[in-house]
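Survey of secondary and tertiary structure
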Amino acid sequence: MAIHKRAEFTAAEQRLAAIAKALGHPARVAIVRLLAQRQACVCGELVLELPLSQSTVSQHLKELKAAGLVQGEVDGPRVCYCLDAAGWAVARQLLGDLLAEMPVVAPASTTTPSCC
């Protein structure tokens, strides 16, 4: 999206889109789940639990960090990562607001015509 077009969207819409983009890859979802299960900072162990190279895991962590979903702390020659509680609070709020706007739709029946 062109930079000048972003001004047409609210800050909340832009933030939610960044969060959704960060979570839009299964490897990133797996990383978030692993960090949530550990409930602590993780340094190099993620690579041992994922079918990905160190550089690929690092790139995915970079994307999650840019979206404010994880935070990293330098520990000597390595970086330790954990979930960013404040970032997840924002994500929950934004996703909750969006889902609250969605109508509850009953499953389509075979007798009622559908719009799609």
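Predicted model, so just to flag it, every value in this text is computed and none were measured. (Residues numbered from 1 in each chain as written. Predicted model: local features only at pLDDT ≥ 70, side-chain atom pairs only at ≥ 80, totals over all residues. Heavy atoms only, no water.)

Moving on, we come to the environment of Lys 21. Summarising the element assignment, Lys 21 is placed in helix α2 (residues 11–22). For Lys 21, a relative accessible area of 63% corresponds to the exposed category. Distance from Lys 21 to Leu 64, taken between C-alpha atoms, is 9.3 Å for residues 43 residues apart in sequence. (Helix = DSSP H or I, 4+ residues; strand = E, 2+ residues; numbered from the N terminus. Buried < 20%, exposed > 50% of the residue type's maximum accessible area, 1.4 Å probe, protein only.)

Turning to helix α6 (residues 85–101), a few remarks are in order. Between its first and last C-alpha atoms α6 spans 25 Å; for 17 residues at 1.5 Å apiece the expected length is 24 Å, and the two agree. Looking at the packing, one finds that the buried side of α6 touches α2, α3 (26–38) and β2 (78–83). If you check the start of α6, you find a side-chain oxygen 3.1 Å away from the backbone N of Ala 86, and it comes from Asp 84. (Expected span 1.5 Å × (residues − 1). Contact = heavy atoms within 4.5 Å. Polar contact = N/O pair within 3.5 Å; in protein donor to acceptor, adjacent residues only side chain to side chain.)

With that settled, the discussion passes to the pattern of salt bridges. This structure, assessed with the given rule, holds two salt bridges. Glu 45 is the partner of Arg 38 in a salt bridge, and the nearest nitrogen-oxygen pair spans 3.7 Å. Its relative accessible area of 31% is what places Arg 38 among the partly exposed residues. In this structure, Arg 38 engages Glu 49 in a salt bridge whose closest nitrogen and oxygen atoms are separated by 1.9 Å. On the criterion of sequence distance, the pair formed by Arg 38 in helix α3 and Glu 49 in helix α4 (residues 45–49) is long-range, its members being 11 residues apart. Glu 49 gets classed as partly exposed once you look at its relative accessible area, which sits at 43%. One connected set of salt bridges, linked through shared partners, spans Arg 38, Glu 45 and Glu 49. (Salt bridge = Lys/Arg side-chain N within 4 Å of Asp/Glu carboxyl O.)

The subject of this paragraph is unusual backbone geometry. For Gln 39, which is not glycine, the phi torsion reads 50 degrees and is therefore positive. Relative to the helices and strands, Gln 39 is located in the loop between α3 and α4.

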